[in-house]
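Below are the chains, spelled out letter by letter.
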Amino acid sequence: GNSVTQMKGPVTLSEEAFLTINCTYTATGYPSLFWYVQYPGEGLQLLLKATKADDKGSNKGFEATYRKETTSFHLEKGSVQVSDSAVYFCALTVNNYGQNFVFGPGTRLSVLP
Amino acid sequence: EAGVVQSPRYKIIEKKQPVAFWCNPISGHNTLYWYRQNLGQGPELLIRYENEEAVDDSQLPKDRFSAERLKGVDSTLKIQPAELGDSAVYLCASSALNGAVRSYEQYFGPGTRLTVT
C-alpha cells in the first residue's frame, strides 16, 4: 500500500536556524508529493508540491526535491521565522483516476525568538 | 474566492447522541473529501465524492457514519450514535482537476472539532 513516514517531532529551533523535516514514502505507482502546513486553529494549506522525479517544489522560502531513488521529499528552509511555527504534513497521491491522498503523521515545528 | 466552509467549528455532545457536520466546497470543485484527524496524527480519508457520487467510502464506518452530497455541491457528514472514540477534528476538502498537470491540489476547510463526553 501507499504510506508516508515523517520524522517525529516536535522540532524546536531558534529563529534564523536551518530547517530540515524528513519525509520518505512507499507507493504503488508514480506518486505526486506534497507538503501541507497547518497553523494553530486553521485547516491544512498546501505549501508546495512536486509531480515528477527531480522536480523541486518551493514556496515562502521552503523547498523540497522529489527524489525517486531514495523515495524521499525532505522539506528545507534556510532561515526559519517564528511565524513558521506550525505542523507540517507530507502527503502523496497516486492517481490515474483516483485522487486519494495519504498523509504522514505530521511534524510540529516550534521556532523560538 | 471563498474557501471551503465548514460548520460548526466546535461541537460537544454526549455519547450515543447524533451529530452532523456541514461542508460547502469551493465553487466549481467537483471533488469533495471528508477526513478525520485524530490528535497528533495526519488526516485519514473517510469518503470521497465525485459530484454527487461517493466513489470511495471504504474507510467510512458505515454502521454509524453516513454522508450525502445530494446536488453535487455541499455535503453533510453524520454520526449516529456517537462514541467516545469519535472525538477528533473532521475536515472537509475539495479539489478540481488541474488541466494536464497530474496533481490534485486539495483545499481544506478549518474543520469541526468534535468532543464526545
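The shown structure was predicted, so the numbers you read here are calculated from the model rather than taken from an experiment. (Residues numbered from 1 in each chain as written. Chains lettered and ligands numbered in written order. Predicted model: local features only at pLDDT ≥ 70, side-chain atom pairs only at ≥ 80, totals over all residues. Heavy atoms only, no water.)

(A) Layout of the overall build of chain A. Across its full length, chain A holds zero helices and 12 strands. Reading chain A from its N terminus to its C terminus gives the helix and strand order β-β-β-β-β-β-β-β-β-β-β-β. Its C-alpha atoms give chain A a radius of gyration of 14 Å, within 12% of the compact-globule value 13 Å for 113 residues. Here the C-alpha coordinates of chain A stretch approximately 45 × 30 × 20 Å along the principal axes. Burial analysis of chain A (113 residues in total) assigns 45% to the buried set. Counting only contacts in chain A whose residues sit at least 6 apart along the sequence, the fraction spanning at least 24 positions is 55%. Accessible area of chain A: about 5200 Å², with a carbon and sulfur share of 49%. Distance from the positive charge centre (9 side chains) to the negative charge centre (9 side chains) of chain A: 7 Å. (Helix = DSSP H or I, 4+ residues; strand = E, 2+ residues; numbered from the N terminus. Rg over C-alpha atoms; globule rule 2.2 N^0.38 Å. Buried < 20%, exposed > 50% of the residue type's maximum accessible area, 1.4 Å probe, protein only. Contact = heavy atoms within 4.5 Å. Areas by Shrake-Rupley, 256 points an atom, 1.4 Å probe, with all protein chains shown as cover. Lys, Arg positive; Asp, Glu negative; His and termini not counted. Charge placed at Lys NZ, Arg CZ, Asp CG, Glu CD.)

(B) Layout of the nonpolar core. A:L19, A:W35, A:L47, A:L48, A:F73, A:L75 and A:Y88 are the most contacted members of the largest nonpolar core, which has 26 residues in total. The set of elements that each furnish at least two residues to this core consists of β2 (11-14), β3 (19-21), β4 (23-26), β5 (32-38), β6 (44-50), β8 (62-65), β10 (86-93) and β12 (107-112) of chain A. Considering each element in turn, this core owes the most residues, four residues, to β10(A). The residues contacting A:Y88, other than those within four sequence positions of it, are A:Q6, A:I21, A:W35, A:Y36, A:V37, A:L47, A:F62, A:L75, A:G106, A:T107 and A:L109. B:V4, B:W34, B:L60 and B:A82 belong to the second largest nonpolar core, which has 21 residues in total. (Core = buried A, V, L, I, M, F, W, Y, C linked by side-chain atoms within 4.5 Å.)

(C) Representation of the interface of chain A and chain B in the model. Facing the 23 residues of chain A at the interface are 25 residues of chain B. Of the roughly 1800 Å² buried between chain A and chain B on both sides combined, carbon and sulfur atoms contribute 45%. Inspection of the region where chain A meets chain B yields zero salt bridges. Applying the counting criterion to the chain A and chain B interface returns three residue pairs in polar contact (both at pLDDT 80 or more). Elements supplying a minimum of two residues to the side of chain A that touches chain B: β5, β6 and β11 (101-103) of chain A. Take the side of chain A that touches chain B: its biggest share by element is four residues, from β5(A). A per-class count over the side of chain A that touches chain B returns 10 nonpolar, 11 polar and two charged. (Buried area = accessible area lost by both parts, 1.4 Å probe. Salt bridge = Lys/Arg side-chain N within 4 Å of Asp/Glu carboxyl O. Polar contact = N/O pair within 3.5 Å; in protein donor to acceptor, adjacent residues only side chain to side chain. Nonpolar A, V, L, I, M, F, W, Y, C, P; charged D, E, K, R; others polar.)

(D) How the structure looks around the sheet that holds β3(A). Residues and elements named next belong to chain A. Pairing within the open sheet is antiparallel, and its four strands lie in the order β3-β9-β8-β7. Of all strands in the sheet, those with a lone pairing partner are β3 and β7 (56-59), marking the two edges. Put simply, the sheet's adjacent strands are angled 15° from each other on average, direction ignored. Pairing between β7 and β8: four bridges, direction antiparallel. Residue pairing across strands places S58 opposite E63, the latter belonging to β8. (Pairing = 2+ DSSP bridges. Axes fitted to C-alpha atoms, helices over the stretch in contact; angles between N-to-C directions.)

(E) The pattern of salt bridges, seen in detail. This model, assessed by the stated rule, comprises eight salt bridges over all chains. Across the pair A:D84 and A:K77 runs a salt bridge, and its minimum N-O distance is 2.7 Å. For the pair shown, A:D84 and A:K77 are each scored as buried. Via salt bridges that share partners, B:R36, B:R64, B:E83 and B:D86 belong to a single interconnected network.

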